[in-house]
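The lines below spell out each chain.
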Amino acid sequence: MTDYISAGSPASDTSLPGDGYVGDPAVRAEWDNRYADRQQLWSGQPNGALVAEVAGLTPGRVLDVGCGEGADAVWLARGGWDVTAIEVSGVALERAAGHARDAGVAVRWVHAALTEAALTPASFDLVSAQYPALLRTPDAAAERALLAAVAPGGVLLLVHHAGMDTQQAHDSGFDPADYVWPSMVAALLTDDWKVEVNEQRPRVAPDGGAGAHHTDDLVLRARRLR
């Protein structure tokens, strides 16, 4: 009940998720290594902000950005959504595909960086990015890719950990200045968009998994008017 699609031809060609990767090989290797270190990195449950914000939406086409091990994608598919899920880590995609098979749901898996994937513009009723590690560039490529994927009448839902964007660079190599945060996406919204939610709120965190210590979310929900 699952199928794999290469980043270069999301509408047709099928391949293993490790094939046809489009993106920075170093980013792929970094995330593959992170996932390979543990049998399960995340909780296996859908993110709380996603569950809350999707409750009033009519299922349609959804893009799950940075799908990880597939918990959100599987949950959305069970809810009647037509799911395309994109991820840089082939290790994560293999796990995600297995979870979808076990759940008996169909998901299209794209092995690519968001900015490199050949996604049809303005084709998704919902673009969900839950705590994405999107690299910042001078031309705001990732921010613009998120916005470009949303169909007229559709919703962009971007959720991130509150406070991370103001942290100092870590000795571990993490520097918030390297990544895209909700405020950066909000700054690009024009009159073609209506901001429905832009707030910090207590996080409804699934039990277990990496990142469970974060207590508050930044939630940006914006609807594309035209």
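Because the structure is a prediction, the values reported are computed rather than measured.

J.: Could you give an account of the side chain of Arg 221, with specific residues and numbers?
T.: Within the secondary structure, Arg 221 is located in strand 8 (residues 216-224). The class of Arg 221 is buried, set by a relative accessible area of 14%. In terms of polar contacts, Arg 221 uses its side chain to reach the side chain of Glu 196, at 2.6 Å.

J.: Now, about the environment of Val 107: what can you tell me, with residues and values included?
T.: By the element assignment, Val 107 lies in strand 4 (residues 107-111). Taking the relative accessible area as the measure of exposure, Val 107 reaches 1% and is therefore buried.

J.: Lay out the pattern of salt bridges in plain terms, naming residues and giving numbers.
T.: As enumerated under the stated definition, the model contains 9 salt bridges in all. Glu 196 is the salt-bridge partner of Arg 223, the closest N and O atoms lying 2.8 Å from each other. In this pair, Arg 223 is assigned in strand 8 and Glu 196 in strand 7 (residues 193-202), connecting sequence segments 27 residues apart. Taking the relative accessible area as the measure of exposure, Arg 223 reaches 23% and is therefore partly exposed. For Arg 201, the salt bridge identified is with Glu 199, shortest N-O distance 3.0 Å. A single network of salt bridges, built from pairs that share partners, joins Glu 53, Glu 196, Glu 199, Arg 201, Arg 221 and Arg 223.

J.: Outline the nonpolar core, listing residues and values.
T.: In terms of nonpolar packing, the biggest core is built from 27 residues, with Val 54, Leu 76, Trp 81, Val 83, Val 107, Trp 109 and Leu 126 touching the most fellow members. The set of elements that each furnish at least two residues to this core consists of helix 2 (48-54), helix 3 (71-78), strand 3 (82-87), helix 4 (90-103), strand 4 and strand 6 (150-161). Other than its neighbours up to four places away in sequence, Val 83 contacts Val 62, Ala 73, Leu 76, Ala 77, Val 107 and Arg 108. Within the second largest apolar cluster, 26 residues are counted, among which are Leu 63, Ala 112, Ala 145 and Leu 147.

J.: I'd like a rundown of helix 1 (residues 25-36), residues and numbers included.
T.: Across its 12 residues, helix 1 extends 16 Å between first and last C-alpha, which sits within 8% of the 16 Å expected from 1.5 Å per residue. Along helix 1, the positions that sit buried rather than exposed are Val 27, Trp 31, Asp 32 and Tyr 35. Projected down its long axis, helix 1 shows its buried positions confined to an angular sector of 130°, all on one face. When the buried face of helix 1 is taken as reference, the exposed residues oriented beyond 90 degrees from it are Pro 25 and Ala 36. Of the surrounding secondary structure, the elements contacted by the buried residues of helix 1 are strand 3 and helix 4.

J.: Got a sec to walk through the packing of helix 1 against helix 4? Specific residues and values, please.
T.: Relative orientation of the contacting elements helix 1 and helix 4 amounts to 50°, with a least axis distance of 7 Å. Judged by the inter-axis angle, helix 1 sits oblique to helix 4. Here Asp 32, Tyr 35 and Ala 36 of helix 1 come into contact with helix 4, specifically with Gly 90, Val 91, Ala 92 and Arg 95. A class-by-class count of the residues in the contact of helix 1 with helix 4 yields 4 nonpolar, 1 polar and 2 charged.

Definitions and limits used
Residues numbered from 1 in each chain as written. Predicted model: local features only at pLDDT ≥ 70, side-chain atom pairs only at ≥ 80, totals over all residues. Heavy atoms only, no water. Helix = DSSP H or I, 4+ residues; strand = E, 2+ residues; numbered from the N terminus. Buried < 20%, exposed > 50% of the residue type's maximum accessible area, 1.4 Å probe, protein only. Polar contact = N/O pair within 3.5 Å; in protein donor to acceptor, adjacent residues only side chain to side chain. Salt bridge = Lys/Arg side-chain N within 4 Å of Asp/Glu carboxyl O. Core = buried A, V, L, I, M, F, W, Y, C linked by side-chain atoms within 4.5 Å. Contact = heavy atoms within 4.5 Å. Expected span 1.5 Å × (residues − 1). Arc of directions from axis to C-beta. Axes fitted to C-alpha atoms, helices over the stretch in contact; angles between N-to-C directions. Parallel < 35°, antiparallel > 145°, perpendicular 65-115°, else oblique. Nonpolar A, V, L, I, M, F, W, Y, C, P; charged D, E, K, R; others polar.

Honestly, it's all geometry; don't read function into it.
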